[in-house]
Amino acid sequence: MGFFSRKDSTPEPARNEEMAELGREYAIARRHRDTKAMNRIMRQIGTDEDVTDLSDFRAGQDSYDSIPPIPRARNRRSK
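Right, let's walk through the structure included here.

What counts and what doesn't
Residues numbered from 1 in each chain as written. Predicted model: local features only at pLDDT ≥ 70, side-chain atom pairs only at ≥ 80, totals over all residues. Heavy atoms only, no water. Helix = DSSP H or I, 4+ residues; strand = E, 2+ residues; numbered from the N terminus. Expected span 1.5 Å × (residues − 1). Buried < 20%, exposed > 50% of the residue type's maximum accessible area, 1.4 Å probe, protein only. Arc of directions from axis to C-beta. Polar contact = N/O pair within 3.5 Å; in protein donor to acceptor, adjacent residues only side chain to side chain. Phe/Tyr/Trp six-rings, centres within 6.5 Å; stacked < 30°, edge-to-face > 60°.

### So, helix α2 (residues 35-47)
For step 1, the next point in the chain: In this model, α2 (13 residues) spans 18 Å end to end at C-alpha, consistent with the 18 Å of a helix rising 1.5 Å per residue.
For step 2, the next point in the chain: Within α2 the residues assigned to the buried category are Ala 37, Met 38, Ile 41 and Ile 45. Here the buried residues of α2 occupy an arc of 105 degrees about the axis, which is enough to place them on one side. In α2, the exposed positions angled more than 90 degrees off the buried face are occupied by Thr 35, Lys 36, Arg 43, Gly 46 and Thr 47.

### A closer look at the side chain of Asp 56
For step 1, the next point in the chain: Positionally, Asp 56 belongs in helix α3 (residues 55-65).
For step 2, the next point in the chain: Within the structure, Asp 56 has its side chain in polar contact with the backbone nitrogen of Asn 16 (distance 2.9 Å).

### A few points about unusual backbone geometry
For step 1, the next point in the chain: Residue Arg 33 is not a glycine yet carries a positive backbone phi of 55 degrees.
For step 2, the next point in the chain: In this fold, Arg 33 is placed in the loop between α1 (17-31) and α2.

### Some points on the packing of aromatic side chains
For step 1, the next point in the chain: Within this structure, the stated rule accounts for 1 aromatic pair.
For step 2, the next point in the chain: A centroid spacing of 5.8 Å and a plane angle of 50 degrees characterise the contact between Tyr 26 and Phe 57, whose relative ring orientation is tilted. On the criterion of sequence distance, the pair formed by Tyr 26 in helix α1 and Phe 57 in helix α3 is long-range, its members being 31 residues apart.
For step 3, the next point in the chain: Of the residues examined, Tyr 26 reaches a relative accessible area of 14% and is grouped as buried.
For step 4, the next point in the chain: Among the residues examined, Phe 57 registers a relative accessible area of 2% and is labelled buried.

Structure representation (structure tokens):
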């Protein structure tokens, strides 16, 4: 092995891309205050039998939440 070995000693755990995508969709719905979509996603997660760890879901949320929102322009028209 060289001094600057690129090999990682701990492999990254397998990610469930479907759960990460659901997390991103949930974060988008939360930012846009879409409660209907938020409830639909939470029902979908709640009925999924093989969900044991929600870390991929939270990682998907964090990946979207790390993007700052675009500031909205103020309405400068005066009446």
